[in-house]
Amino acid sequence: MKINLKGRNFLKLLDYTPEEIRYLLDLSKDFKLKKQNNIEHKYLTGKNIVLLFEKTSTRTRCAFEVAGYDLGINVTYLDPNSSQMGKKESIEDTAKVLGRMYDGIEYRGFEQYIVEMLAKNAHVPVWNGLTNEFHPTQMLADLMTIEENFGYLKGINLVFCGDGRNNVANSLMVASAKMGINFTLASPKELWPQQDLIDICKDIASINNSKINFEEDIMVATKNADVIYTDVWVSMGEADEVWASRIKLLSKYQVNKDVMNNANPQAIFLHCLPSFHDLNTTIGKDINEKFGLKEMEVTDEVFRSNQSKVFDEAENRMHTIKAVVYATLSDNDE
Ligand code: CP
Ligand code: NVA
């Protein structure tokens with residue numbers, strides 16, 4: 001089937017068909033090989049893109065920048081304090097201005113409606129680099145990493161342990177449903193995703209022969225798991241006061257050696273990063289002083305184990321983001 005994504009936004013995986021996601025994963029693989037073999041791929045020389053960040057970032061920003069430079073694109077970065085958007089200029093006006101100057105816009109920030117509003121008004125492709133609700137570029141890197149380890153996606157059992165309402169958990173549920181992965185959330189009921197998103201994902205999963213499950217007992221959830229995934233217990237933009245209740249709710253969902261040993265022997269560990277697995281961060285130290293925890297969503301032992309593929313996953317952010325930028329901006333797409 002001929003896939004052409006030129007001019008498309010990349011706002012959430014729900015907007016993409018499994019065939020289109022497949023196409024982006026194959027393109028990412030090609031770009032990774034080119035990079036590894038030092039084959040130049042400046043296919044988009046002369047294009048300009050802008051990266052609009054209202055929240056901080058290491059991986060997503062660097063992935064867009066390096067992907068852009070590798071493709072020959074000029075890249076502008078606007079940090080959380082340096083654009084007028086929100087404070088002095090509406091989202092609509094910002095989109096109209098940036099759309100006149102740039103060939104594509106990346107946005108990281110708060111509610112999903114902001115990125116949707118940018119896309120509606122910019123008339124150039126808009127890419128979601130994380131909102132409160134979704135993190136779609138992360139999903140492509142996660143799918144790529146799973147495929148690199150197992151050789152396939154359909155039928156993989158993926159378990160997410162933690163805050164089931166956050167952007168990464170929501171997106172993993174969608175990505176799994178689309179690609180025929182069995183998704184299980186290990187989380188207390190209070191942190192299960194919104195029912196309307198669950199219903200949508202269950203419908204999609206049934207077409208693709210996969211299951212969406214919810215389980216409060218982490219040992220029941222992780223039995224037969226191929227991929228165990230976790231994320232921070234408190235996401236960017238949430239109030240500091242949330243930590244106490246989140247620690248109470250999620251401590252028993254920590255990914256530790258017992259959890260990994262309960263999964264399939266070849267199981268891998270994934271995390272979008274950044275992660276609190278030691279005391280080498282200011283927030284980690286602060287939580288240690290207040291609550292006595294040395295590690296949070298994952299133990300240092302699991303994080304550093306051979307089962308952990310988190311740095312391959314982080315590298316794959318760049319190859320997959322390059323695929324999205326290329327596919328949506330290039331004339332040569334087929
Ligand atoms: N995983 C991820 O999005 O990382 P950053 O917040 O560093 O971009
Ligand atoms: N859920 C996390 C993901 C960070 C990449 C957050 O939103 O902070």
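This write-up is about the structure you can find in this document. This one's a predicted model, so the numbers in the text were calculated from it and none came from an experiment.

Scanning the model with the defined rule gives one cavity of 30 Å³ or more in all. By volume, the largest cavity amounts to about 30 Å³. Lining the largest cavity we find Lys 12, Leu 13, Leu 14, Phe 134, Pro 136, Ser 171 and Val 174. Taken together, the residues of the lining of the largest cavity sort by class into five nonpolar, one polar and one charged.

Let us look at the environment of Glu 116. On the secondary structure map, Glu 116 appears in helix H4 (residues 112–122). With relative accessibility at 27%, the residue Glu 116 sits in the partly exposed group. Residues Glu 116 and Asp 300 lie 184 residues apart in sequence; the distance between their C-alpha atoms is 38 Å. Not counting residues up to four positions away in its chain, the partners in contact with Glu 116 are Leu 11 and Lys 12. Side chain to side chain, Glu 116 and Lys 12 meet in a polar contact 3.2 Å long.

Right, let's get into the sheet that holds strand E2 (residues 74–78). Strand order in the open sheet formed by four strands is E2-E1-E3-E4, with parallel pairing between adjacent strands. Each edge of the sheet is formed by a strand with only one pairing partner; in this case those strands are E2 and strand E4 (126–128). Mean inter-strand twist for the sheet, computed between neighbouring axes without regard to direction, equals 20°. Across five bridges, strand E1 (residues 48–53) lies against E2 in parallel orientation. Bridge pairing in E2 places Ile 49 opposite Val 75.

Let us look at the site of ligand 2. If you check the shell around ligand 2, you find Leu 130, Asn 166, Asn 167, Asp 231, Val 232, Ser 235, Met 236 and Leu 273 and nothing else. Side-chain polar atom of Asp 231 to a nitrogen atom of ligand 2: 2.6 Å apart, as the coordinates give it. Measuring from a nitrogen atom of ligand 2, one finds a side-chain N or O atom of Ser 235 at 2.8 Å. Taken by itself ligand 2 offers 270 Å² of open surface, and the protein chains cover 95% of this. Across the shell around ligand 2, the residue classes tally to four nonpolar, three polar and one charged.

This part is about the state of the cysteines. Each disulfide consists of a covalent bond between the sulfur atoms of two cysteine residues. In total, this model carries zero disulfides according to the counting rule given. Free cysteine: Cys 161, not disulfide-bonded; nearest cysteine sulfur from Cys 272 at 13 Å. Owing to a relative accessible area of 0%, Cys 161 belongs among the buried residues under this scheme.

Moving on, we get to the layout of surface pockets. Space inside the largest pocket adds up to approximately 680 Å³. Taken together, 33 residues form the lining of the largest pocket, with Val 232, Val 234, Ser 235, Met 236 and Pro 274 sitting closest to its centre. Elements that contribute at least two residues to the lining of the largest pocket include exactly helix H2 (59–70), helix H6 (167–179) and helix H11 (282–291). Among the elements that take part in the lining of the largest pocket, H11 stands out by supplying six residues, more than any other. Per-class residue counts for the lining of the largest pocket are 13 nonpolar, 12 polar and eight charged. What the second largest pocket holds in volume is close to 450 Å³. Lining of the second largest pocket is provided by 20 residues; of these, Asn 132, Glu 133, Arg 165, Asn 170 and Gln 194 occupy positions nearest its centre. Elements represented by at least two residues in the lining of the second largest pocket include exactly H6 and helix H7 (195–207). Of the residues contributing to the lining of the second largest pocket, the split by class is seven nonpolar, seven polar and six charged.

Another aspect to go through is the packing of aromatic side chains. Tallied over the full model, the rule gives 10 aromatic pairs. Geometrically, the ring pair formed by Phe 10 and Tyr 16 is edge-to-face, given 5.1 Å between the ring centres and 70° between the ring planes. Looking at Tyr 16, the relative accessible area reads 1%, which means it is buried. Note on Phe 31 and Tyr 43: the rings are 6.4 Å apart at their centroids and 45° apart in plane angle, and the pair reads as tilted. Taken together, the residues span a long stretch of sequence, with Phe 31 in helix H1 (residues 18–36) and Tyr 43 in the loop between H1 and E1 at a distance of 12 residues. Here Phe 31 falls in the buried class, since its relative accessible area comes to 3%. Of the aromatic side chains, those joined through ring pairs into one cluster are Phe 31, Tyr 43 and Tyr 326.

Take H7 next. With 13 residues, H7 ought to run about 18 Å at 1.5 Å a step, and its terminal C-alpha atoms sit 19 Å apart, in line with that. Within the sequence span of H7, burial applies to Leu 197, Ile 198, Cys 201, Ile 204 and Ala 205. Down the axis of H7, the buried side of the element spans an arc of 130°, and every buried residue falls inside it. Exposed residues pointing more than 90 degrees away from the buried face of H7 are listed as Gln 195, Asp 203 and Ile 207.

Here is what the cut-offs are and how they apply
Residues numbered from 1 in each chain as written. Chains lettered and ligands numbered in written order. Predicted model: local features only at pLDDT ≥ 70, side-chain atom pairs only at ≥ 80, totals over all residues. Heavy atoms only, no water. 1 Å grid on protein atoms, 1.4 Å probe; cavity = no way out; pocket = protein on both sides within 12 Å on 5 of 7 lines; lining within 4 Å. Points joined across faces, edges and corners; volume = space filled by probe spheres on them. Nonpolar A, V, L, I, M, F, W, Y, C, P; charged D, E, K, R; others polar. Helix = DSSP H or I, 4+ residues; strand = E, 2+ residues; numbered from the N terminus. Buried < 20%, exposed > 50% of the residue type's maximum accessible area, 1.4 Å probe, protein only. Contact = heavy atoms within 4.5 Å. Polar contact = N/O pair within 3.5 Å; in protein donor to acceptor, adjacent residues only side chain to side chain. Pairing = 2+ DSSP bridges. Axes fitted to C-alpha atoms, helices over the stretch in contact; angles between N-to-C directions. Near = heavy atom within 4 Å. Areas by Shrake-Rupley, 256 points an atom, 1.4 Å probe, with all protein chains shown as cover. Disulfide = S-S within 2.5 Å. Phe/Tyr/Trp six-rings, centres within 6.5 Å; stacked < 30°, edge-to-face > 60°. Expected span 1.5 Å × (residues − 1). Arc of directions from axis to C-beta.

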